[in-house]
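Okay, here's what each chain looks like letter by letter:
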Amino acid sequence: MMIEFTSRRRRIALALLTVSAGLGVASATRAETVKDMGMAQPNDWPQYHRTGAAWRYSPLDQINQSNVKNLKVAWIAQPGDISKGLQATPIEVDGVLYYIGPYNRVFALDGATGQIIWQYQPKLDPISDQSFYSATSRGITVGRGKVFIGSLDGRFIALDQKTGKELWSRQLVDLKTTYGSVFSSPPQLAGDVLFGGTTGGDQPTRQKIYAVNADTGVPVWTFDTIKDDPKSWPGKSGDVGGGAAWLPGTYDETTDTIYIGIGNASPDFYGADREGDNKYTSSVLAIDPKTGKLKWARQEIPHDVWDYGAPYEAVLLPTGDQKTLVHLNKAGFVFVMNKDNGKLENVWKLVDAQNTIKAIDPKTGELIGRNEPVVGETKLLCPWLLGGRSWNHGAYSPQTGYWYTNTMEACNTVTSKKDDPSSLKAMSALSLGAADLVTKAPPGGKPLGRLVAVDPLTGAKKWSVDYDIPALGTVLATAGGLVVNGDVEGVIHFYSAKSGKEVWNFNAGSGIRGGLISYSVKGKQYIAVPTGLGSAAVGFMASAFPKVNTLPAGAALVVFALP
Amino acid sequence: MVRTKILPVFVCLTTLSGAARAENKPPFDLNDPRRIEMGKLRFETSCASYCHGFDGVGGVAPAFKARGDDLDPQYAFETITNGRKGRRAIMPRWGGAYSPEEIWELVAYLEFLAHEKPSQTN
């Protein structure tokens with residue numbers, strides 16, 4: 001007999017069934033509020049952003065401002081390959097730490113000792129080496145008794161969580177017809193749906209979000225991020241329009257909603273062939289995980305011609321009516337909106353170096369004073385194509401109410417130009433729509449990086465720390481009153497979350513590009529820091545920050561604990 | 001010292017594809033301005049933005065501009081054709097995308113850059 005569950009009952013029943021079967025699902029009960037969601041499973045780091053609220057905040061407080069100076073290295077794990085560094089955020093569930101290294105090599109380790117439990121290396125199609133994004137591995141997802149990978153040859157793969165044995169593999173993307181678009185970020189779980197997009201914001205192709213059944217790998221829906229609307233995309237411009245969802249989305253279990261940010265339009269700096277708003281590029285989307293239907297969309301940068309995508313994290317705040325979503329885009333503006341309908345509540349500017357958009361109306365979202373590239377004319381555009389921040393995520397602390405994020409104060413000059421089709425034959429070609437593109441200092445200043453603590457609703461600055469070179473790691477906040485941020489030279493800085501005062505640091509020897517986490521095993525708190533500098537951004541930065549070329553590469557997961 | 005200089009070339013040569021081995025001599029004069037211009041166009045689209053910098057300066061790799069005579073054209077051709085695994089970055093192989101002639105045009109542009117004067121500012 002078939003029993004029809006309501007969607008909520010179905011989820012709860014499924015979670016209970018899975019737990020009773022001993023499959024180790026991340027969460028047995030469904031949070032009713034954003035605050036509950038953000039504080040769930042305090043001992044673990046079960047998801048990419050720890051929870052669907054995307055705070056990157058650990059409720060653990062054993063390591064605090066007073067004793068942080070006593071931290072020692074508990075253990076170090078090395079993936080054995082330093083190609084493009086260690087870019088992932090590890091996952092920890094029930095004392096087991098999972099992480100992914102270059103070329104999708106996955107490890108399960110004892111979270112207290114670092115001892116390897118199992119490891120897995122997918123046999124990647126050699127064509128993946130021709131992708132611009134080869135080797136890039138930004139994370140894995142754990143749940144439903146499985147470990148999920150988005151692979152560098154266009155697959156979703158599920159492994160047995162206990163043994164690392166491959167359970168299923170599903171080819172979703174053809175690299176040959178998508179300019180080497182690969183899954184560089186981990187697909188995420190929304191109930192029994194596994195979803196994610198490919199990297200390739202600058203690829204002249206039509207990007208999509210893919211969803212499969214997490215238990216079988218059978219596709220359930222595909223969302224075309226290029227809206228089928230001639231007003232948005234005249235002629236066939238959408239077929240090369242980009243719009244990649246190249247970073248992990250999040251799942252709001254309080255409303256059964258996926259949030260996912262969408263990247264820039266292509267060609268990046270040449271928009272003449274795509275006059276229109278170019279939906280849904282540079283947008284944040286709310287999607288029903290069961291059907292793949294759009295609940296709402298908020299386009300932040302209509303007709304982007306600066307490489308200002310919006311693929312970054314959607315942070316849900318526990319304050320007020322717990323309905324607020326905060327979302328940064330590469331233009332360096334933060335949109336504050338209602339998470340249930342996308343209605344705009346505020347827009348504020350994160351970076352100082354901004355000359356492409358004079359202002360954004362905080363009530364309507366209208367861009368005021370657009371300074372666009374001009375064909376054949378070299379123009380200074382700020383921020384540069386890496387954005388006011390790269391993809392390294394921020395952290396939110398419910399203790400202080402501050403959002404902590406790295407920023408970049410840097411510009412580039414661009415001469416807009418229609419791409420020559422003969423130069424777009426390579427799988428790894430980028431459709432930039434530029435004759436030249438050169439990094440520059442902001443007018444009247446020097447290029448730099450900054451860690452800022454801000455009020456996420458208003459942008460009011462609470463404190464900031466400048467770096468000579470922008471930090472590329474993801475920020476961690478903890479209930480011990482700490483904010484942890486690694487720089488590109490390999491120094492891991494521990495700050496007071498309230499004041500920004502540096503209370504301790506540790507030199508790991510190679511820069512930080514991955515996601516820092518904290519977790520607890522048998523009552524002992526650990527802080528794990530992926531170290532090892534790499535990624536495309538590092539290459540682009542080198543012209544503005546020549547010292548980058550002298551910094552050593554590496555790949556090591558360094559884990560700290562108190563003695 | 002000698003060993004470290006020879007070894008990368010040896011490794012590269014031993015891993016060459018048949019196509020690369022057959023085409024390892026330029027089919028035209030590398031000083032031909034038209035070929036250099038074609039190579040420049042291709043370089044700016046495929047090589048410059050994230051990795052080598054426009055005008056071959058400022059990327060994650062050593063500068064091409066004004067580097068003099070140490071850029072062996074055959075080595076450059078083979079590296080572009082087969083790709084190269086670096087420390088922080090990976091150069092994809094371009095042999096499948098561009099014809100040997102198109103790759104030689106890239107080499108012509110790199111040789112042109114190598115013998116240019118250094119820029120006053122970057």
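### Examining the nonpolar core
Then comes step 1: In terms of nonpolar packing, the biggest core is built from 199 residues, with Tyr98 and Val315 of chain A touching the most fellow members.
Then comes step 2: The element best represented in this core is helix H5 (residues 100-114) of chain B, accounting for nine residues.
Then comes step 3: In contact with tyrosine 98 of chain A, other than residues within four places in its own chain, are Pro90, Ile91, Val106, Ala108, Ile140, Val142 and Val147 of chain A.

### Some remarks on the interface of chain A and chain B
Then comes step 1: Taken together, the contacts link 34 residues of chain A with 26 residues of chain B.
Then comes step 2: Those elements giving two or more residues to the side of chain A that touches chain B turn out to be strand E29 (434-440) and helix H3 (536-541) of chain A.
Then comes step 3: Residues belonging to the side of chain A that touches chain B are distributed by class as follows: 17 nonpolar, eleven polar and six charged.

### As for the confidence of the model for chain A
Then comes step 1: Of the residues in chain A, 95% have a pLDDT of 70 or more, and the chain-wide mean is 93.
Then comes step 2: Across residues 1-27 of chain A, confidence stays below pLDDT 50; counting only partners more than four residues off in sequence or on other chains, it has 34 contacts.

### Quick word on the packing of helix H3 (residues 33-52) of chain B against H5 of chain B
All names here are of chain B.
Then comes step 1: One can describe the packing of H3 onto H5 by two numbers: an axis separation of 7 Å at closest approach and a directional angle of 95 degrees. As judged from the angle between their axes, H3 and H5 are roughly perpendicular. Contact residues: Arg35, Ile36, Met38, Gly39, Lys40, Arg42 and Phe43 in H3; Glu102, Glu105, Leu106, Ala108, Tyr109 and Phe112 in H5.
Then comes step 2: Split into classes, the residues belonging to the contact of H3 with H5 amount to seven nonpolar, one polar and five charged.

### Side note on the sheet that holds strand E10 (residues 166-171) of chain A
Residue and element names in this part refer to chain A.
Then comes step 1: What the four strands build is an open sheet, ordered E7-E8-E9-E10; its pairing is antiparallel. Single-partner strands in this sheet number two, and they are strand E7 (141-143) and E10. Neighbour to neighbour, the strand axes of the sheet diverge by 20 degrees on average, direction disregarded.
Then comes step 2: Two strands pair when backbone bridges link them, and E7 and strand E8 (residues 146-150) are joined in this way by three bridges, in the antiparallel orientation.

### Focus on the packing of helix H4 (residues 73-82) of chain B against H5 of chain B
All names here are of chain B.
Then comes step 1: As a packed pair, H4 and H5 sit with axes 9 Å apart at the nearest point and diverge in direction by 130 degrees. On the basis of their axis angle, the class for H4 and H5 is oblique. The crossing of H4 and H5 is right-handed. Along its contact with H4, which presents Pro73, Ala76, Phe77, Ile80 and Thr81, the element H5 presents Ile103, Trp104, Leu106, Val107, Leu110 and Glu111.
Then comes step 2: Among the residues forming the contact of H4 with H5, the class breakdown is nine nonpolar, one polar and one charged.

Analysis parameters
Residues numbered from 1 in each chain as written. Chains lettered and ligands numbered in written order. Predicted model: local features only at pLDDT ≥ 70, side-chain atom pairs only at ≥ 80, totals over all residues. Core = buried A, V, L, I, M, F, W, Y, C linked by C-beta atoms within 7 Å. Buried ≥ 20, exposed ≤ 12 C-beta atoms within 10 Å, placed from the backbone. Helix = DSSP H or I, 4+ residues; strand = E, 2+ residues; numbered from the N terminus. Contact = placed C-beta atoms within 7 Å. Nonpolar A, V, L, I, M, F, W, Y, C, P; charged D, E, K, R; others polar. pLDDT = per-residue confidence, 0-100. Axes fitted to C-alpha atoms, helices over the stretch in contact; angles between N-to-C directions. Parallel < 35°, antiparallel > 145°, perpendicular 65-115°, else oblique. Pairing = 2+ DSSP bridges. Left-handed = near helix turned anticlockwise from the far one by under 90°.

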